[in-house]
Amino acid sequence: GFPKQFSQSFNIVTEEQEGDGKFRTDGPESGILYPNHIPTNMLQKLLLSAGSAVMSLYDPYRHDMIAVLGETTGIQALRSLREKMSSDPEGMQILQERPRIRMSSLDIERFREMPDGVFGREYARFLDVNNVTPDTRMPVKFVDDEELAYVAQRYREVHDLMHTLLGMPTNMLGEVVVKWFEAVQTGLPMCLLGAVFGPLRLSTKRKKKLIELVPWAVQSGRNARCVLSVYYEKRWEQSMESLRKEIGILPLPSIKV
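Predicted model, so just to flag it, every value in this text is computed and none were measured.

The rules behind these values
Residues numbered from 1 in each chain as written. Predicted model: local features only at pLDDT ≥ 70, side-chain atom pairs only at ≥ 80, totals over all residues. Heavy atoms only, no water. Axes fitted to C-alpha atoms, helices over the stretch in contact; angles between N-to-C directions. Helix = DSSP H or I, 4+ residues; strand = E, 2+ residues; numbered from the N terminus. Left-handed = near helix turned anticlockwise from the far one by under 90°. Contact = heavy atoms within 4.5 Å. Nonpolar A, V, L, I, M, F, W, Y, C, P; charged D, E, K, R; others polar. Expected span 1.5 Å × (residues − 1). Bend = angle between axes of the 7 residues up to and from the residue. Core = buried A, V, L, I, M, F, W, Y, C linked by side-chain atoms within 4.5 Å. Buried < 20%, exposed > 50% of the residue type's maximum accessible area, 1.4 Å probe, protein only. Patch = residues over 30% accessible without salt bridge, like charges linked within 9 Å, V, L, I, M, F, W, Y side chains within 5 Å. Areas by Shrake-Rupley, 256 points an atom, 1.4 Å probe, with all protein chains shown as cover. Salt bridge = Lys/Arg side-chain N within 4 Å of Asp/Glu carboxyl O.

Novice: Now, about the packing of helix 9 (residues 172-186) against helix 10 (residues 189-197): what can you tell me, with residues and values included?
Specialist: The angle between the axes and the distance between the axes are what describe a pair of packed helices. Axis separation between helix 9 and helix 10 bottoms out at 8 Å; the angle between their running directions is 145 degrees. Two packed elements cross with a definite hand, and for helix 9 against helix 10 that hand is left-handed. Here V176, K179, W180, E182, A183 and T186 of helix 9 come into contact with helix 10, specifically with M190, C191, L192, G194 and A195. Considering only residue class, the contact of helix 9 with helix 10 consists of 7 nonpolar, 2 polar and 2 charged.

Given below as C-alpha cells:
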C-alpha cells in the first residue's frame, strides 16, 4: 500500500470545513487562513502533487485531483497572476471586492430571458446545455496565502466563462482547447499538464481537429488581457462579440467541436 504519510496527505483532500464561502483571515494562531483552508507542510504538498498528478493523468475527469494539483504546484503562477491583477484597475477592484461566481449570486432566470448573443444569456445556455453549475467548483484548500487562495478560486470560477467565450463544450476536446488557452494565460502547471496530456484520450478524428484549434487557442491566450482582471459580474448584459473583442479573444474558428 501507500506509505502512511501519503495516505494521511490524501485523506485531507476530502475533508470539508465549515465556512460561509467568503475569503478572510481568521488569524495566524489557528493556522486557518480562510474557510476550507488545510495547512500542509512541504512534504505533504509534494506527496499531494505527485499523487494528484498521477490520478489526473489516469482519469482526466477527476476534477478534485486536478484542483489539488493546481493548488500544490501553482504558487509562482498565482503570484504572477496577482501581480497582473494588481496592475490593472479592474483587476485591482476584483482583488479588493472579492466577488464570487455562485448560483446564490447569479440571476440565472434573468439571464435566460436576455437576447441571444448577450453574455449572460450565452453563459446560462452553457450551464443548461452541459448540465453544470458554478457551485460544482471545488473550494481552494491547500494555498497557504489568503489572497493567492482567492486568485486560485477566481480562476476556478471563471473557467466556465472561458468555455462560454471560447465557444467550447465540456467534452474532452473542448476541455483541452480551453486548457491551452488557460496555460498561456495563467502559466499554471496544471493547465499545461492538461493541455499536453489531455490529447492522449482523444480519438484520431478529434486529434486532427485539435491540431487546427491549438494555434488559435494559443494565439488568443497571448493576445488577450489577463482574463482574471475582467469583472464579469458587471458584463452580463454586454454582447459576446464586444466582450471577446475587448478581452482580445480572436474570432472563433468554424470547426465543430
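Moving on, there is more to tell.
Novice: Let's hear about helix 11 (residues 204-223): which residues, and what values?
Specialist: Its 20 residues place the ends of helix 11 29 Å apart at the C-alpha level, agreeing with the 28 Å of an ideal helix rising 1.5 Å per residue. Its axis deflected by about 35 degrees at L213, helix 11 carries its strongest bend there, up to four residues before the proline P215. As for helix 11, its buried residues are in contact with helix 8 (146-166) and helix 9.

Novice: Describe in detail the nonpolar core, supporting the description with residues and values.
Specialist: Core analysis: the biggest nonpolar cluster contains 64 residues, and L161, M162, L165, Y232 and I247 have the highest contact counts within it. Tallying contributions element by element places helix 8 first for this core, with 11 residues.

Novice: Explain the environment of G91 residue by residue, including any values.
Specialist: Among the secondary structure elements, G91 is positioned in helix 5 (residues 89-97). With a relative accessible area of 0%, G91 lands in the buried category. Distance in space between the C-alpha atoms of G91 and L81 is 9.8 Å, their sequence separation being 10 residues. When sequence neighbours within four positions are dropped, the list of residues in contact with G91 reads M85 and S229.

Novice: Describe a nonpolar patch on the surface, with residues and values.
Specialist: A contiguous nonpolar patch, built from L57, L192, V196, F197 and L200 and spanning about 460 Å² of accessible area, is present on the exposed surface. Top contributing element to the nonpolar patch by residue count: helix 10, with 3 residues. Checked against the element boundaries, F197 lands in helix 10.

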